[in-house]
Amino acid sequence: MIKIGVLALQGAVREHVRSLQAEDTEIIIIKKAEQLQEIDGLVFPGGESTTMRRLINQYNFFEPLKAFGKSGKPIFGTCAGLILMASEIAGQDQAHLGLMDMKVQRNAFGRQRESFETRLEVQGVAEDLRAVFIRAPLIEEVGEHVEVLSTYNGEIVAAREGHYLTCSFHPELTDDFRLHRFFVTMVKEANKQRTK
Ligand SMILES: NC(=O)CC[C@H](N)C(=O)O
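Parameters and conventions
- Residues numbered from 1 in each chain as written.
- Predicted model: local features only at pLDDT ≥ 70, side-chain atom pairs only at ≥ 80, totals over all residues.
- Heavy atoms only, no water.
- Helix = DSSP H or I, 4+ residues; strand = E, 2+ residues; numbered from the N terminus.
- Rg over C-alpha atoms; globule rule 2.2 N^0.38 Å.
- Buried < 20%, exposed > 50% of the residue type's maximum accessible area, 1.4 Å probe, protein only.
- Contact = heavy atoms within 4.5 Å.
- Areas by Shrake-Rupley, 256 points an atom, 1.4 Å probe, with all protein chains shown as cover.
- Lys, Arg positive; Asp, Glu negative; His and termini not counted.
- Charge placed at Lys NZ, Arg CZ, Asp CG, Glu CD.
- Near = heavy atom within 4 Å.
- Polar contact = N/O pair within 3.5 Å; in protein donor to acceptor, adjacent residues only side chain to side chain.
- Nonpolar A, V, L, I, M, F, W, Y, C, P; charged D, E, K, R; others polar.

Caption draft 1: Region of the structure containing the overall build of the protein. Helix and strand content of the protein: five helices and 12 strands. Since a compact globule built from 196 residues should have a radius of gyration of about 16 Å, the 15 Å found for the protein is in line with a globular shape. Dimensions of the protein, computed from the C-alpha atoms along their principal axes, are close to 45 × 35 × 30 Å. In the protein, buried positions account for 54% of the 196 residues. Contacts in the protein between residues at least 24 apart in sequence constitute 64% of all its contacts with a sequence separation of at least 6. As displayed, the protein offers around 9,400 Å² of accessible surface, 42% of which is attributable to carbon and sulfur atoms. Taken together, the 24 basic and 27 acidic charged side chains of the protein have centroids lying 5 Å from each other.

Caption draft 2: Highlighting the site of the ligand. As a matter of local geometry, the ligand sits amid Gly46, Gly47, Glu48, Ser49, Cys79, Ala80, Ile83, Arg106, Asn107, Ile134, Arg135 and His170. Separating an oxygen atom of the ligand from a side-chain N or O atom of Arg106 is a distance of 2.7 Å. Contact between the ligand and Arg135: a nitrogen atom at 3.0 Å from a main-chain N or O atom of the residue. In isolation the ligand has 300 Å² of accessible area, and contact with the protein removes 97% of it. In the shell around the ligand, the residues fall into four nonpolar, five polar and three charged.

See the structure below:
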């Protein structure tokens, strides 16, 4: 049995809990930093990244989340979660957790297109994944160890760097669970490596 946590400070928590349901997997809602010790993988939901960052500080999550990432346990960040993981944010002096080597731009899809749904090819996951974009960020630049998994109109919208997975859309708002399943497999594999 593996345990996957969903960071529950703000945002689309329940939807991720639903989408992560899988065999031999327990889903835990994370409200306190101590709970990070019991889990094998973690999801950062979408929502509002500046609000989430404020709550991360307020509830003393900052260092524990960084340590969790550095420990090699998988993290999956969606939308605002992607912004939290980035090492650089366009137009801002400071990033948040800086876990993934990538530069992101917030609210990157123009006004008329603030919110839309499309189908995307995601490398190793699906040829036609349903993707809902809501005031979504895009990934402007990636470091050499980052694998681009998907693009939309030439812009990077999903990527992986080792045990970190991220996308700028909301896979948890559809019944297409393939990206979540991919993450659950990443967690199971990382867990196997650790307990070998
Ligand atoms: N749906 C979302 O998570 C939007 C992200 C939001 N625009 C932010 O900057 O945090």
